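# Notes for the structure review
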Amino acid sequence: MSAHPSIAEFQVAGDCLAVGGVSLDRLAERVGATPFFAYDRQLITSRVGYLRSVLPSAVKLSYAVKANPMPAVVQHLSGLVDALDVASSMEMKVALDTPVLPSHVSFAGPGKTTAELTQAVAAGVTIEMESPNEASRLVEIGNRLGIRPRVALRVNPDFQVKGSGMRMGGGPQQFGVDVEEVPALLRSLTATDLDFLGFHVFAGSQNLHAEILCEALAKNVALLLRLAGDCPWPVRYLNLGGGFGIPYFEQDRPLDLSSVGKALGELVEGSIRPQLPDARVVIELGRYLVGEAGVYVTRVVDRKVSRGRTYLVVDGGLHHQLAASGNFGQVIRRNYPIVIGNRMRDTELESVSVVGCLCTPLDLLGDNVMLPHADVGDLVVIFQAGAYGLTASPTAFLGHPMPAEVLV
Ligand SMILES: *Cc1c(COP(=O)(O)O)cnc(C)c1O
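Cut-offs used in this document
- Residues numbered from 1 in each chain as written.
- Predicted model: local features only at pLDDT ≥ 70, side-chain atom pairs only at ≥ 80, totals over all residues.
- Heavy atoms only, no water.
- Helix = DSSP H or I, 4+ residues; strand = E, 2+ residues; numbered from the N terminus.
- Buried < 20%, exposed > 50% of the residue type's maximum accessible area, 1.4 Å probe, protein only.
- Contact = heavy atoms within 4.5 Å.
- Polar contact = N/O pair within 3.5 Å; in protein donor to acceptor, adjacent residues only side chain to side chain.
- Near = heavy atom within 4 Å.
- Areas by Shrake-Rupley, 256 points an atom, 1.4 Å probe, with all protein chains shown as cover.
- Nonpolar A, V, L, I, M, F, W, Y, C, P; charged D, E, K, R; others polar.
- Core = buried A, V, L, I, M, F, W, Y, C linked by side-chain atoms within 4.5 Å.
- Domains from an automatic or database assignment.
- 1 Å grid on protein atoms, 1.4 Å probe; cavity = no way out; pocket = protein on both sides within 12 Å on 5 of 7 lines; lining within 4 Å.
- Points joined across faces, edges and corners; volume = space filled by probe spheres on them.
- Salt bridge = Lys/Arg side-chain N within 4 Å of Asp/Glu carboxyl O.

The name an unreviewed UniProt entry assigns to the protein is Diaminopimelate decarboxylase, from the organism Mycoplana azooxidifex.

Right under this line is the structure:
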């Protein structure tokens with residue numbers, strides 16, 4: 001069995017991987033069809049517990065719903081975190097269906113339509129403004145509805161965070177307002193009826209390097225405190241982003257969270273509290289909370305040999321789990337951790353390629369991986385499927401049915 005850290009967190013019952021204490025063969029019967037996604041409730045709970053034990057207690061934890069918007073997952077997390085971050089009106093609806101207060105729902109993202117902004121103002125969520133245009137539309141909407149829009153300003157920093165899988169800050173960006181433009185924009189809004197809370201910065205995603213994250217947090221705090229000193233309103237909200245990564249590949253080392261927690265503690269006590277004693281400090285995380293708690297389960301429908309190479313052809317594919325095929329922003333294709341879920345105790349391994357059922361060579365889920373001998377009917381399990389899985393995949397491609405999702 002692989003020593004990949006995320007696999008070690010799942011239990012094995014008999015020969016079978018178990019999710020939420022239910023062995024996979026039984027879970028497949030319960031779900032009624034393969035492929036499906038299964039998320040382990042207990043693993044999500046313990047991940048949040050671990051974060052709470054390491055992060056300073058003054059820092060609030062927000063869940064970025066786009067990582068996994070399954071309503072049951074969001075409901076479960078709503079009882080564990082302090083806030084929810086959404087990026088569309090559909091995600092906002094899922095968040096507002098939970099007990100989380102609307103004021104603790106933040107709405108970020110470029111290209112918010114006037115209809116979405118109107119819904120958000122009426123709901124009373126915190127809107128993280130991404131442009132001057134968005135700000136002026138919010139002023140109009142607030143005037144029309146007679147409601148003061150709760151707003152924060154997303155800032156595009158003047159530096160880049162290295163080591164992120166996806167960069168979303170520094171240089172020219174569609175995200176946020178360039179830091180040098182912020183003071184003038186705030187001055188232009190002083191006569192309006194916006195309820196200005198503070199600032200948001202989110203500069204990148206999937207970062208596994210604690211020292212880089214710590215440096216970015218320190219730079220962001222310095223930048224936001226500088227803006228706060230020049231702000232026409234008292235600053236009551238500082239959303240510091242996140243970008244905490246999870247290990248996808250064998251050579252990835254898990255993030256050293258304790259260093260990040262320690263750095264955050266020093267920033268809060270040493271810099272933020274002295275200048276902004278009442279500010280609500282927020283970290284927003286998506287994949288770090290749910291990514292490792294989910295598996296994608298698909299069944300072998302064919303086993304064939306072509307010129308010496310063995311193929312396991314499964315009933316799933318990149319239309320459900322695009323990232324595992326290497327086509328979701330990756331530069332180099334590498335294998336996600338993969339096992340035969342009903343043969344966890346087999347020790348004799350063979351080299352096979354696991355391919356999906358789509359008629360394209362891109363549909364490769366495991367390239368020359370070492371697995372126990374698997375036959376038609378066996379269950380292939382791909383790990384790290386709890387975030388950016390189903391909803392980040394082209395499900396309509398080739399017209400196969402949608403997979404089920406279960407929270408166990
Ligand atoms: C996507 C996104 C997140 C979540 O990113 P993860 O890598 O899943 O933690 C958080 N905040 C904003 C603004 C985002 O766009």
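What follows deals with the environment of Gln-330. Checked against the element boundaries, Gln-330 lands in the loop between β17 (309-314) and β18 (338-340). The class for Gln-330 is partly exposed, based on a relative accessible area of 24%. Counting along the chain gives 39 residues from Gln-330 to Gly-291, while the straight-line C-alpha distance between them is 17 Å. With residues up to four places along the chain from it excluded, the contact list for Gln-330 reads Ala-323 and Tyr-336. Among the polar contacts listed, one links the side chain of Gln-330 to the backbone nitrogen of Asn-327, at a separation of 3.4 Å. A distance of 2.6 Å separates the side chain of Gln-330 from the backbone nitrogen of Phe-328, its partner in a polar contact.

Quick look at the site of the ligand now. Lys-66, Ser-205, Glu-284, Arg-287 and Tyr-388 are the nearest of the 14 residues found near the ligand. At 2.6 Å, a side-chain N or O of Glu-284 approaches a nitrogen atom of the ligand. The protein chains hide 95% of the 390 Å² of surface that the ligand would expose on its own. Secondary-structure elements contributing two or more residues to the shell around the ligand are β13 (204-207) and β15 (280-285). A per-class count over the shell around the ligand returns five nonpolar, four polar and five charged.

Nonpolar side chains in soluble globular proteins generally cluster together in the buried interior. Within the largest apolar cluster, 132 residues are counted, with the highest numbers of intra-cluster contacts made by Tyr-63, Phe-199, Leu-240, Phe-244 and Val-354. For this core, the leading source of residues is helix α9 (residues 210-229), giving eleven residues. Both of domain 1 (7-39 + 292-407) and domain 2 (69-285) provide at least three residues apiece to this core.

In this model, the largest pocket occupies a volume close to 630 Å³. What lines the largest pocket is a set of 22 residues, among which Gly-165, Gln-206, Phe-249, Gln-330 and Arg-334 lie closest to the centre. Here the lining of the largest pocket gets three residues from one element, more than from any other, and that element is strand β10 (residues 164-167). There are two domains that each give the lining of the largest pocket at least three residues, and those are domain 1 (7-39 + 292-407) and domain 2 (69-285).

Taken as a whole, this structure holds three cavities of 30 Å³ or more when the rule is applied. Considered as a void within the structure, the largest cavity measures approximately 130 Å³ in volume. Around the largest cavity, the lining is made up of 15 residues, and of these Ala-203, Leu-213, Ala-216, Asn-220 and Gly-242 lie nearest the centre. For the lining of the largest cavity, the secondary-structure elements that each account for two or more residues are α9 and β14 (237-242). Residues belonging to the lining of the largest cavity are distributed by class as follows: nine nonpolar, six polar and no charged. Considered as a void within the structure, the second largest cavity measures approximately 50 Å³ in volume. If you list the elements that add at least two residues to the lining of the second largest cavity, you get α3 (41-54) and α11 (287-290).

Tallied over the entire structure, the rule returns 14 salt bridges. Between Lys-93 and Asp-97 there is a salt bridge whose closest N-O contact spans 2.9 Å. Note that Asp-367 is salt-bridged to Arg-309, the shortest N-O span being 3.8 Å. Of this pair, Asp-367 sits in strand β20 (residues 364-372) while Arg-309 is found in strand β17, placing the two residues 58 residues apart along the sequence. Owing to a relative accessible area of 30%, Asp-367 belongs among the partly exposed residues under this scheme. Overlapping salt bridges, with partners in common, bring together Glu-9, Arg-47 and Glu-292 in one network.

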